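Fold and contact review
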Amino acid sequence: MDKIRIQGPCRLRGTVRVSGAKNAVLPEMAATLLLEGPVTLRNVPVVRDVQTMVKVLRHLGVRSLKLEGNSLSAEGGAAGDPEAPYDLVRTMRASILVLGPLLARLGRAKVSLPGGCAIGARPIDYHIEALRRMGANVAIEHGYVVASCRRLKGAEIVFDDRTVTGTENILMAATLAEGRTVLENCALEPEVVDLARFLNACGARIDGAGTGRIVVEGVARLRGTAHTVIPDRIETGTFLMAAAATRSGIRVEQCDPSHLEAVLDKLQECGVVLRRGPDSITVEPDGALRGANVTTRPYPDFPTDLQAQFMALAARADGVSIVTETVFENRFMHVGELRRMGARIVEDGQTAIVAGPAPLSGAQVMASDLRASACLIVAGLSAEGETTIHRAYHIDRGYEKVETKFQGLGARIERIS
Ligand code: EPU
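Bear in mind that the values here come from a model prediction, so they are computed numbers and not experimental data.

A few words on the overall build of the protein. If you tally the helices and strands in the protein, you get 14 helices and 25 strands. Looking at the protein residue by residue over its 417 residues, the buried ones come to 57%. Accessible surface computed for the protein: about 15,900 Å², of which carbon and sulfur atoms make up 46%. Of the charged side chains in the protein, 50 are positive and 48 negative; the average position of the first set lies 3 Å away from that of the second.

Below is the structure:
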């Protein structure tokens, strides 16, 4: 298993380019199941989750699927056996995104239940309930969601809580349903908006993405198109936090600052000096680093996917920071590893109290999930001495060429195979 080794502390400098958003491209890839004709996605991040989705789609009969550089092309449409098997789904929960498209296109779907997850229970009851409201028969059998329908019917659906992949799954299902679907209490994430933009370019009739109420008028068929995936706001935030924690000056390019308002506000509250361009953010090297309180919530609030990286920064900042996680119930796995590096953090349920500044020292640490591994990179870059992050495969799920990008910023970081 690969490891990431960092010789800290590192001062970062220079420019880094952000890749396409993992959490936008995954639903967009699933949406190719709905389409007819050739489709191209550009600015696709070559990360493990994308490669897993390629395998899932090939299994589901998507033809001529090619990932060349950062461009993915295919002949749209599901065919044959509509089963997403356990061996693929267990490695990536986002595989559940094929459920809605399969049902809408083929009237049948068999998708393995994703099962346990390192960051919380993460049920899919909202997805299932919504599909039932659209007329599907859905049963759980032998660890699989088994669903069938004649043609899905438009319905009024109110999500109990905002769910990102739940909104995306039902949005996709509704594009080919009969009649109008009204979705209330939808996720507002930019990834949902990008998915709707892609589908509308394919001939879908979706209105209101990015607001709590999305209306979809079903159409008979969708054709392929060429679409450019939005930049990854979580990768962007990770670079900003790495720069802030190491008191470095860097420029992050090919990003969308408007997707990071809450994060940029929080960094400024911490004393980080930032300059925003239309598609770039520059962090100035000087400036104090003060702690701040953070509560994660769905977009447009502070994202849970940057909570761990923020905690590494808070460990290096002056004063006490209170970090509260409200989206997932078990997303503090990095706390124990940060403590091994000398961070002073007390956990109290969904809250972590971070007393900074702590002089972090390099250590052997274990990545438990994708964002926890990004947190350990931020910590390792700002720690004194050598940090070895075990189970680097977690980071490869969602960060493209992570060590190459940090090397380009002058970090002493390498992968050990
Ligand atoms: N929830 C339910 N029932 C459902 C669906 C969700 O109770 O049917 C709960 C979840 O357990 C959680 C909350 O609702 O407590 C929100 O979960 P959500 O459904 O929004 O999460 P998700 O769609 O499974 C996506 C991202 C995650 C990101 C979350 C929150 C993708 C592929 N994944 O997950 O990304 O953390 O939204 O923003 O878009 C990551 O990239 O590292 C990652 C985990």
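In this section: the sheet that holds strand β16 (residues 249-253). Strand order in the open sheet made by the four strands is β2-β16-β18-β17, with mixed pairing throughout. Either end of the sheet is taken by a strand with one partner, and the two such strands are β2 (13-17) and β17 (274-276). Across the sheet, the mean angle from the axis of one strand to that of its neighbour is 15 degrees, orientation sign disregarded. Pairing between β16 and strand β18 (residues 280-283): four bridges, direction antiparallel. Bridge pairing links Arg251 to Thr282 in β18. Against the sheet, helix α8 (residues 233-245) engages β2, β16 and β18, with an angle of about 175 degrees to β16. The sheet strands contacting helix α9 (residues 261-269) are β17 and β18, and the helix crosses β17 at an angle near 150 degrees.

With that settled, consider the pairing of strand β11 (residues 180-184). The sheet contact formed by strand β10 (residues 156-158) and β11 spans three bridges and is parallel. Looking at β11, one finds that Glu156 is bridged to Val182. Handedness of the crossover is the feature at issue here: the chain leaves β10, passes through helix α6 (residues 164-175), returns alongside β11, and the resulting connection is right-handed. Bridge count for β11 against strand β13 (residues 213-217) is five bridges, and the pairing is antiparallel. Its bridge partner being in β13, Glu184 is matched across the sheet by Arg213.

We now examine the site of the ligand. Taken together, 21 residues lie near the ligand, and Asp125, Thr163, Thr165, Asp305 and Val327 sit nearest. Here an oxygen atom of the ligand and a side-chain polar atom of Thr165 are 2.6 Å apart. One of the side-chain nitrogen or oxygen atoms of Arg331 is found 3.4 Å away from an oxygen atom of the ligand. Contact with the protein chains hides 86% of the accessible area of the ligand, taken as 830 Å² for the molecule alone. At the level of secondary structure, the elements contributing two or more residues to the shell around the ligand comprise α1 (22-31), α5 (125-133), α6 and α12 (370-382). Among the elements that take part in the shell around the ligand, α5 stands out by supplying three residues, more than any other. Tallied by class, residues from the shell around the ligand come to nine nonpolar, five polar and seven charged.

So, about the nonpolar core. Counting 77 residues, the largest nonpolar core has Met53, Val98 and Met134 as the members making the most contacts within it. Contact partners of Met134, with chain neighbours within four places excluded, come to Leu152, Lys153, Ala155, Ile157, Ile170, Ala173, Ala174, Ala177 and Thr181. Within the second largest apolar cluster, 71 residues are counted, among which are Cys10, Ala363, Val378 and Ile389.

Under the definition given, this model contains two aromatic pairs. For the pair Phe239 and Phe406, a centre-to-centre distance of 5.1 Å together with 55 degrees between the ring planes defines the contact as tilted. Here Phe239 is found in helix α8, whereas its partner Phe406 is found in helix α14 (residues 402-408), with 167 residues between them in sequence. Geometrically, the ring pair formed by Phe302 and Phe310 is edge-to-face, given 5.8 Å between the ring centres and 75 degrees between the ring planes.

Reading guide: rules and limits
Once a new chain begins, its residue numbering starts again from 1 and follows that chain's sequence as written. Note on the predicted model: pLDDT of at least 70 is required for a residue's local features to be given, and 80 or more for side-chain atom pairs to be given and counted; whole-chain, interface and lining totals, by contrast, use all residues. Only hydrogens and water are removed before side-chain values are computed, so all heavy atoms of the structure are retained for them. Each helix corresponds to a stretch of at least 4 residues labelled H or I by DSSP, and each strand to a stretch of at least 2 residues labelled E; elements are numbered beginning at the N terminus. The rule is simple: take the accessible area with a 1.4 Å probe, protein chains only, and divide by the maximum for that residue type; under 20% is buried, over 50% is exposed, in between is partly exposed. Here the accessible surface of atoms and residues is derived via Shrake-Rupley with a 1.4 Å probe, and residues count as covered only by protein chains that are part of the display. When charges are counted, neither His nor the chain ends are considered; positive counts come from Lys and Arg and negative counts from Asp and Glu. To locate a charge, the coordinates of NZ of Lys, CZ of Arg, CG of Asp or CD of Glu are taken. The criterion for strand pairing is that DSSP finds at least two bridges linking the strands in question. Orientation is described by lines fitted to C-alpha atoms, with helices fitted over the stretch in contact, and by angles between N-to-C directions that extend from 0 to 180 degrees. Contact between two residues is taken to exist if any of their heavy atoms lie within 4.5 Å; hydrogens are not considered. The crossover handedness rule: strands pointing away from the viewer, path from first strand over the helix to second strand clockwise, crossover right-handed. Being near a molecule or strand, for a residue, comes down to having at least one heavy atom within 4 Å of it. Whenever two N or O atoms come within 3.5 Å, that pair is a polar contact, provided that in protein one can donate a hydrogen and the other can accept it, and provided that, for residues adjacent in sequence, both atoms are side-chain atoms. Each residue gets one label: Ala, Val, Leu, Ile, Met, Phe, Trp, Tyr, Cys and Pro are nonpolar, Asp, Glu, Lys and Arg are charged, and the others, such as Gly, are polar. Working definition of a nonpolar core: buried Ala, Val, Leu, Ile, Met, Phe, Trp, Tyr and Cys residues. They are joined through side-chain atoms within 4.5 Å. In summary, the pairing rule links any two rings of Phe, Tyr or Trp, Trp by its six-membered ring, whose centres are within 6.5 Å, and it sorts them by plane angle into stacked for under 30 degrees, edge-to-face for over 60 and tilted for everything else.

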